[in-house]
Structure formats: structure tokens, C-alpha cells
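For reference, the chains in residue letters:
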Amino acid sequence: MDADGGGGEGFGGQRRKVGDEENLAVEVPETAHQISSDSWFQVGFVLTTGINSAFVLGYSGTIMVPLGWTYGVVGLILATAMSLYANSLIAKLHEFGGKRHIRYRDLAGFIYGDGAYYMTWGSQYLNLFMINTGFIIVAGQALKAAYVLFDEDGPMKLPYFIGIAGFVCGMFAISIPHLSALRLWLGVSTLLSLIYIIIAFVLTIKDGVNAPPRDYSIPGTTTSKIFTTIGATTNLFFAFNTGMLPEIQATIKQPVVKNMMRALYFQLTVGVLPMYAITFIGYWAYGSSTSTYLLSSVDGPVSLKALANIAAFFQSVISLHIFASPMYEFLDTKYKIKGRGFTIQNLTSRIAVRGGYLTFNTLVAALLPFIGDFMSLTGAISTFPLTFILANHMYLVAKRNKLNSFQKLWHWLNVLFFGVLSFAALVAALRLIAVDSKTYHLFADL
């Protein structure tokens, strides 16, 4: 990168002008997937689907219990605002330097060079692989939770349900060619989210009203509280961020920056309300004894709890497709799988390519159903760097000729703060893995 910010290395070593992007025509890279076709409202629902996935059923236990009322509430609000800010920085660089950057790695490679291209690629796909594996585990756990409501001592164990979840995810992935093709399924996903959130909300309120006074003290020793607080802080930011904003923004209609900002505002205002509601009400009802899967704490009709768990299962299938779409785009572009979604050739290719990817995901999920510990590690080494550190530094490099001294200092402070937080999260995650490895075993029935 030139010292004055006037030029930069693009992927492949080609020299590119990056200092005066407004005067350049926008180049769109090749992709097998559909781009520039979705309204900001549809993209807003894609983002909201991620926020209100079945993971929200765990936030009362994984965020509020370690942080308590004050830090939990304030932390969620601050994480929402900071996530909106960091994602807006990435969104504003989508058409930068005369090129539309439809992939995170393309943007990093354009600004920094080839090395950053490959490092960002590796970090992003590790992050998304772990998230996808997590969705398969959550789907399997939801299916098992519904099963034990009717046969608590049945022979079916968690790894079997994870296998079923992986198969259903594979069938869905084969049927939906690209992210824009979700359309109707986004409405289905919203309905499913509302089903398990409303059922959990109502049953939780009933339990809370009838329960004796709760204990809201933060459990654990002084040392364990430090590490669980760091882990909960990581979960705060993990809840709002995808690590694939350029790929989602690629689907939006022009003007891409203005429309993406509308989608982000929708996601982090209206879209977060269901998540806030179920997170806070769960902690209010059960206090420090809140479980990491809220539906296992509620008391109510078996039929309602079964419906909520089945809704959580199918919503996880749809959510996984969103977070797997960058990998699908890469594979489809590499193997030239494009055109009509249901031709014999395309179906056969997707069965082989996507089926193979999700089979590996499912195997890892069944092998390590305590993957949440490893997801904390992934968050430390990839989610924080991608969403916060890289976002602020890329914006600083790309726009530094237009930023005043205070603005530059602000971005450097963000890089430093999230760098320290990422390191602390790394240490906490490694400790968690070391502690839990003494308890868990492969193919565990948790």
C-alpha cells in the first residue's frame, strides 16, 4: 500500500487506484449466484433471521446469567449499537475503488493485497463453518428435546438427531440454489421464529409469576466469573454479527449502500426486539438457574413445547442456508453450477458438492456436540477480527485522506479495543475447552 493511500494492491497483484472511487465505473466480479435482485426489506429479513435464530433460546443463560441485570442489559444495547456501526463501515465500502466487492475476501484483498485476501478467506470460512456446525447441533438438540417430551427413556440419542438434522439441511440446500431464492422461506422463517419465541415467552411469564423470589447473583468463583464474563461478552457481539455482510449485500438492489443501511437499521431496531424480549424474560423468570436452552426450563403443555422445539428445528435449517451461502457461492462458481436450479445437471452437482460439505459439517457436529466451546474460540480468532478489527482498519485505510485526526484516532481506538477483547476471549475460550474436555466425550449425548 502506498504511504499516501493513493493506491493499493488488488488480488492477483494488480495495482489499483483506491483513493478516488467516486469517479470510477463500478466493476462487478463473476459469480454463479444471483446479485442485485433483492429489496432492502428482503435483505433486512435475511439479517433478522440470523438474529432471531434458535440460538436466542440460549441467550438468557449464556449472556444474562454471567453478566447480571445491569451489565447484561447495557451490554446488549451497546453491542447492538456497536454492531450497527461496524457493519455500516463494511457496507459503505461495498462499491469502493471502482469495483463492487461481493465477497469479504475480495474487499480485503483489494485494500491490502493478496496475503489479506487469503487470510480473510480462511478466517471467514472457518467462522461460517463453525456457525453452520452450531446450527446443525442446535437443530439436533431441538429435535431431541421434542422427542424426550414423549419418550424420555427412548433409545434415540443426540448424535442420531444431529444426523437427521444434517440430512434435512442437505435436502434444503439442494432445493434452494442461492441466497436470493429464499424469498418465501424468509416469511416461513419469521413465522417459525415467532412460534418458538412466543411460546417460550408466554410459558416463561407463567413460570415467573408463579415462582418464588429468584436469585440473580452471578454464580461461580471469582476466577470463573472473570472468564465467564469474558465469554458472555463475546456472545454479546456474536449474537448480532454474521461475518458475511458483503455476501449478503451482494444480493441487494441499487443503490447498494443506501439500501443496505436501510436493511441494517431494520435488523438492529425492529429485528432485535423479539431477541431482547425472550432474553430478558427468561432471565427474569429463572434467575441464575436459567438453562442454556430456554425451552428445557419452561413448564407447560407438552404439545406447545413440542411445537416450539419443532419450529426451532426447521428455523435452524433455514438459518444454516443463509450462513452457508458464501461457501455455496464459492463452490458453485468454481464448478460452474449456475442457471436454472432444478435441471438434472445442477441438481446432481449440488447433491455432490453441497451434500459433501454438509456431510462433513454433520460429522463434526455429531462428533463434537459441545462445539459451543470451540465456537467461542472461533469467535475470538475470526468473528471479532472480521466484524470489528478489520472493519475499522479497512475503513481507516480506504478513507484516510478524507478523515480528520479525531476520526482516525477513533478508528484506531476501536481496533485496539477489539484487539484486546479478542485476545481476552481467546484466553477464556482455551480455558473453557481445557475445563470441559475433562467432562465431555466424542459423540456425547448431551
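Remember, predicted model here, so these are calculated numbers, not experimental data. (Residues numbered from 1 in each chain as written. Predicted model: local features only at pLDDT ≥ 70, side-chain atom pairs only at ≥ 80, totals over all residues. Heavy atoms only, no water.)

Trainee: Would you mind going over the overall build of the protein in detail, with residue names and values included?
Mentor: Looking only at helices and strands, the protein has 14 helices and four strands in total. Here the protein has a C-alpha radius of gyration of 22 Å; the compact-globule value for 446 residues is 22 Å, and the two agree. Each principal axis of the C-alpha distribution contributes one length, and for the protein these read about 65 × 55 × 40 Å. Across the 446 residues that make up the protein, the buried fraction comes to 57%. Long-range contacts, defined as pairs at least 24 residues apart, comprise 83% of the intrachain contacts of the protein with a sequence gap of at least 6. As displayed, the protein offers around 18500 Å² of accessible surface, 68% of which is attributable to carbon and sulfur atoms. Taken together, the 30 basic and 24 acidic charged side chains of the protein have centroids lying 4 Å from each other. (Helix = DSSP H or I, 4+ residues; strand = E, 2+ residues; numbered from the N terminus. Rg over C-alpha atoms; globule rule 2.2 N^0.38 Å. Buried < 20%, exposed > 50% of the residue type's maximum accessible area, 1.4 Å probe, protein only. Contact = heavy atoms within 4.5 Å. Areas by Shrake-Rupley, 256 points an atom, 1.4 Å probe, with all protein chains shown as cover. Lys, Arg positive; Asp, Glu negative; His and termini not counted. Charge placed at Lys NZ, Arg CZ, Asp CG, Glu CD.)

Trainee: Quick rundown of the nonpolar core? Include the residues and the values.
Mentor: Ranked by internal contacts, the top residues of the largest apolar core, which has 126 residues, are Leu57, Leu76, Tyr196, Phe240, Met260, Met275 and Met394. Considering each element in turn, this core owes the most residues, 15 residues, to helix H4 (residues 114-150). The contacts of methionine 394, once residues within four sequence positions are left out, are Ile90, Leu93, Tyr104, Leu107, Ala108, Ile111 and Tyr112. (Core = buried A, V, L, I, M, F, W, Y, C linked by side-chain atoms within 4.5 Å.)

Trainee: An account of the pattern of salt bridges is requested, with residue identities and associated values reported.
Mentor: Tallied over the full model, the rule gives five salt bridges. Across the salt bridge formed by aspartate 207 and lysine 206, the nearest N and O atoms sit 3.2 Å from each other. Judged by its relative accessible area of 11%, aspartate 207 is buried. Overall, the relative accessible area of 34% leaves lysine 206 in the partly exposed class. Here the salt bridges share partners, and the residues they tie into one network are Arg103, Asp106 and Glu329. (Salt bridge = Lys/Arg side-chain N within 4 Å of Asp/Glu carboxyl O.)

Trainee: Explain the confidence of the model for the protein residue by residue, including any values.
Mentor: The predicted model of the protein averages 87 in pLDDT, with 92% of residues at 70 or higher. Confidence drops under a pLDDT of 50 for residues 1-24, and excluding neighbours within four residues, the segment shows 60 contacts in the predicted structure. (pLDDT = per-residue confidence, 0-100.)

Trainee: Hey, could you go over the environment of leucine 179 for me, with residue numbers and the actual values?
Mentor: Within the secondary structure, leucine 179 is located in the loop between helix H5 (158-175) and helix H6 (184-210). With residues near it in sequence (within four places) discarded, leucine 179 still touches Ile248, Thr251, Ile322 and Ser325.

Trainee: How would you sum up unusual backbone geometry? Please name residues and give values.
Mentor: Residue proline 255 is reached from glutamine 254 by a cis peptide bond, and omega for that bond is -5°. Take proline 255: it is sitting in the loop between helix H8 (245-249) and helix H9 (256-267). One non-glycine residue, serine 36, lies in positive phi territory at about 55°. Backbone geometry places arginine 183, a non-glycine residue, at a positive phi of 30°. In this structure, arginine 183 sits in the loop between H5 and H6. Given a relative accessible area of 41%, arginine 183 falls into the partly exposed group.

Trainee: Can you explain empty space enclosed by the protein? Please cite residues and give values.
Mentor: Under the defined criterion, the tally for this structure stands at six cavities of 30 Å³ or more. Lining the largest cavity are 15 residues; nearest its centre among them are His33, Glu247, Ala250, Thr251 and Glu329. At three residues, helix H11 (residues 302-334) tops the list of elements feeding residues into the lining of the largest cavity. Across the lining of the largest cavity, the residue classes break down as five nonpolar, seven polar and three charged. When its volume is computed, the second largest cavity comes out at roughly 120 Å³. Lining of the second largest cavity is provided by 14 residues; of these, Gly50, Phe238, Ala239, Asn241 and Phe323 occupy positions nearest its centre. Elements with a minimum of two residues in the lining of the second largest cavity: helix H1 (40-51) and H4. In terms of residue class, the lining of the second largest cavity is made up of nine nonpolar, five polar and no charged. (1 Å grid on protein atoms, 1.4 Å probe; cavity = no way out; pocket = protein on both sides within 12 Å on 5 of 7 lines; lining within 4 Å. Points joined across faces, edges and corners; volume = space filled by probe spheres on them. Nonpolar A, V, L, I, M, F, W, Y, C, P; charged D, E, K, R; others polar.)

Trainee: How would you summarise the packing of H4 against helix H12 (residues 344-367) if you had to cite specific residues and measurements?
Mentor: Running from N to C, H4 and H12 cross one another at 65°; their axes reach a closest spacing of 9 Å. The angle between the axes of H4 and H12 places the two elements in the roughly perpendicular class. Here H4 runs over H12; the crossing is right-handed. Contacts between H4 and H12 involve Phe129, Asn132, Thr133, Ile136 and Ile137 from the first element and Tyr357, Leu358, Phe360, Asn361, Thr362, Val364 and Ala365 from the second. When its residues are assigned to classes, the contact of H4 with H12 shows eight nonpolar, four polar and no charged. (Axes fitted to C-alpha atoms, helices over the stretch in contact; angles between N-to-C directions. Parallel < 35°, antiparallel > 145°, perpendicular 65-115°, else oblique. Left-handed = near helix turned anticlockwise from the far one by under 90°.)

Trainee: Any details on the packing of helix H2 (residues 59-92) against helix H10 (residues 273-286)? Residues and values, ideally.
Mentor: Packed helices, taken two at a time, are described by the angle between their axes plus the distance between the axes. At a closest axis distance of 9 Å, the pairing of H2 and H10 adopts a crossing angle of 140°. Judged on the interaxial angle alone, H10 and H2 are oblique. Read as a crossing pair, H2 and H10 show a hand that is left-handed. Listed contacts from H10 to Tyr59, Ser60, Met64, Val65, Gly68, Trp69, Val73, Leu76, Ile77 and Thr80 of H2 are Met275, Tyr276, Ile278, Thr279, Phe280, Gly282, Tyr283 and Trp284. Class assignment of the residues belonging to the contact of H2 with H10 gives a composition of 13 nonpolar, five polar and no charged.

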